[in-house]
Amino acid sequence: MIVTFAHHKGGTGKTTSCLNIAGFLHESGKRVLVIDCDPQANATSGLGVDPCSDQLSMYDVFMSYAGDFPDVGLADIITETKSGIFLASSSLDLVGAEPYLYTIDNRAAILKDVITEIGDAYDHILIDTPPSMGQFVLNGLVAADRVVVTFDSGIFALKGGAEALSAIMDDVETYTGEKVVADVAVLTRWGQTPVIPVPDEGFGARLKQLFFGTPESGDNGEEKGRLAAFENDVKRSFEMVYTIPFDTNVQKAQENGIPLPQFAPECEAACVYREIAEQLNSQ
Ligand SMILES: Nc1ncnc2c1ncn2[C@@H]1O[C@H](COP(=O)(O)OP(=O)(O)O)[C@@H](O)[C@H]1O
Ligand SMILES: [Mg+2]
């Protein structure tokens, strides 16, 4: 099964969800490959691999399709990480491949194409994408059997998410002629009180208003109500909705280059990620 993690904004929990679901799928005895399609390479470093080293990466795979570059397939760049999860790494160079992709006719289906070449070598392939609406996220969506959309519970991240997402899905439909349905939603960092490091008066307040709109209420009870309403909204649009609580183990595991099942298998966030992996395994 090919699962793509997507949302056009950064910090919504794509990489975190990708790595931890990969971790639990691996723990259940499956062969799991993570493909890092984000030039920020957080999935690569989150699996303990240095994205700055000069190893072959997704940059080389995408560039194989552009002009006279050496022929590098997905199988050529895959390495096993210390967690036992396999990785097709990203590197900061990847950002330089995107302009070349616009010169290729079948550019949205490159990833689907290279995955076909590796056949059935993996039980699950999880694709992490960048926070953008560019070619890499499009490639991830075109290749996907399932799309997981992550939403940050931070109060300002809730606005506009669904609209932008349906615009991306329309793009995918244009490319593939098929309707793509994002069926799994993961609400991340639930329960974290948003930290707003901007004063409530003066220039800072006006800036905040410009970017985020007028806060409807600073009251914590009402804020919780709004979050609950959002959760309900998401539940109407997605077949499956999971809510991951804010959990400090998440960041610590990433810093150690291993996913939650090997770092803090019983922490609150781990329990929900285990449930998602079980659900994916059962399909
Ligand atoms: N449930 C959680 N609890 C605590 N921190 C989290 C949780 N989920 C994500 N984070 C942290 O939030 C930040 C952004 O998450 P990340 O997965 O990198 O987002 P994205 O890939 O969408 O940009 C990271 O520092 C990550 O460690
Ligand atoms: Mg990320």
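Residue numbers run consecutively from 1 along every chain, following the written order of its sequence. For this description, chains carry letters from A and ligands carry numbers from 1, given in the order in which they are written. Since the coordinates come from a predicted model, pLDDT governs what is reported: local features require at least 70, and pairs of side-chain atoms require 80 or more to be given and counted, while whole-chain, interface and lining totals use all residues. Note that the side-chain values use all heavy atoms of the structure and ignore hydrogens as well as water.

Caption draft 1: Representation of the overall build of the chain within the structure. Numbered from the N terminus, helices here are DSSP runs of H or I no shorter than four residues, and strands are runs of E no shorter than two. Helix and strand counts for the chain come out as 13 helices and eight strands. Three exposure classes are used, based on accessible area relative to the maximum for each residue type with a 1.4 Å probe and protein chains only: buried under 20%, partly exposed in between, and exposed over 50%. Counting across all 283 residues of the chain, residues that qualify as buried make up 53%. By definition, residues are in contact when any of their heavy atoms lie within 4.5 Å. Pairs at least 24 apart in sequence give 78% of the contacts found in the chain among residues at least 6 apart. Note on areas: Shrake-Rupley with a 1.4 Å probe; residue coverage comes only from the protein chains shown. Accessible surface, the chain: about 13,200 Å² in total, of which carbon and sulfur atoms supply 50%.

Caption draft 2: Spatial organisation of the sheet that holds strand β3 (residues 78-80). With mixed pairing, the eight strands of this open sheet are ordered in space as β3-β4-β2-β5-β1-β6-β7-β8. Unpaired on one side and paired on the other, β3 and β8 (240-245) mark the two borders of the sheet. If you compare each strand with its neighbour and ignore which way they point, the axes differ by 25° on average. Where strand β2 (residues 32-36) meets strand β5 (residues 124-128), five bridges bridge the pair, whose relative direction is parallel. Looking at β5, one finds that valine 32 is bridged to histidine 124. Angular values range over 0 to 180 degrees, each being the angle between N-to-C directions of two axes fitted as lines to C-alpha atoms, with helices fitted over their stretch in contact. Contacting β1 (2-6), β2, β5, β6 (146-152) and β7 (184-190), helix α1 (residues 14-27) crosses the sheet at an angle of about 165° to β5. Only strands that DSSP links by at least two bridges are regarded as paired with each other.

Caption draft 3: Region of interest: the site of ligand 1. In this text, near means that some heavy atom of the residue lies within 4 Å of the molecule or strand in question. Around ligand 1 lies a shell of 15 residues, among which Gly11, Lys14, Thr15, Thr16 and Gln254 are the nearest. In protein, a polar contact means a hydrogen-donor-capable atom and an acceptor-capable atom, both N or O and within 3.5 Å, with residues adjacent in sequence counting only if both atoms are side-chain atoms; elsewhere, any N or O pair within 3.5 Å suffices. A distance of 2.8 Å is found between an oxygen atom of ligand 1 and a side-chain nitrogen or oxygen belonging to threonine 15. Within the side chain of glutamine 251, one N or O atom sits 3.4 Å away from an oxygen atom of ligand 1. Computed on the free molecule, ligand 1 has an accessible area of 560 Å², of which 87% lies beneath the protein chains in the complex. Of all the elements in the fold, those that place two or more residues in the shell around ligand 1 are α1, β8 and α11 (248-255).

Caption draft 4: Molecular detail of the packing of aromatic side chains. The aromatic pairing rule takes the rings of Phe, Tyr and Trp, using the six-membered ring of Trp, and pairs them if the centres are within 6.5 Å, calling planes under 30 degrees apart stacked, those over 60 edge-to-face and the rest tilted. Tallied over the entire structure, the rule returns four aromatic pairs. Centroid distance phenylalanine 151 to phenylalanine 238: 5.9 Å. Interplanar angle 80°. Geometry classified as edge-to-face. Taken together, the residues span a long stretch of sequence, with phenylalanine 151 in strand β6 and phenylalanine 238 in the loop between α10 (220-237) and β8 at a distance of 87 residues.

Caption draft 5: Seen up close, helix α5 (residues 94-101). Within the sequence span of α5, burial applies to Leu94, Ala97, Glu98 and Leu101. Relative to the axis of α5, the buried residues are bounded by an arc of 115° and lie together on one face. The outward face of α5, more than 90 degrees from its buried face, is lined by the exposed residues Val95 and Pro99. Considering only its buried residues, α5 is in contact with β2, α3 (58-63), α6 (110-117) and α7 (135-143). Regarding the arc, it is the one traced by the directions from the helix axis to the C-beta atoms.

Caption draft 6: How the structure looks around the pattern of salt bridges. Counted as salt bridges are all cases of a side-chain nitrogen of Lys or Arg within 4 Å of a carboxyl oxygen of Asp or Glu. Taken as a whole, this structure holds two salt bridges when the rule is applied. Linking aspartate 183 and arginine 146 is a salt bridge whose minimum nitrogen-to-oxygen distance equals 2.5 Å. Residue aspartate 183 is found in the loop between α8 (161-176) and β7, and its partner arginine 146 is found in strand β6; the two are separated by 37 residues along the sequence. No difference in accessibility class separates aspartate 183 from arginine 146, as the two residues are buried. Of the charged contacts in the structure, one is a salt bridge between arginine 274 and glutamate 266, with a shortest N-O distance of 3.5 Å. A relative accessible area of 60% means that glutamate 266 is categorised as exposed.

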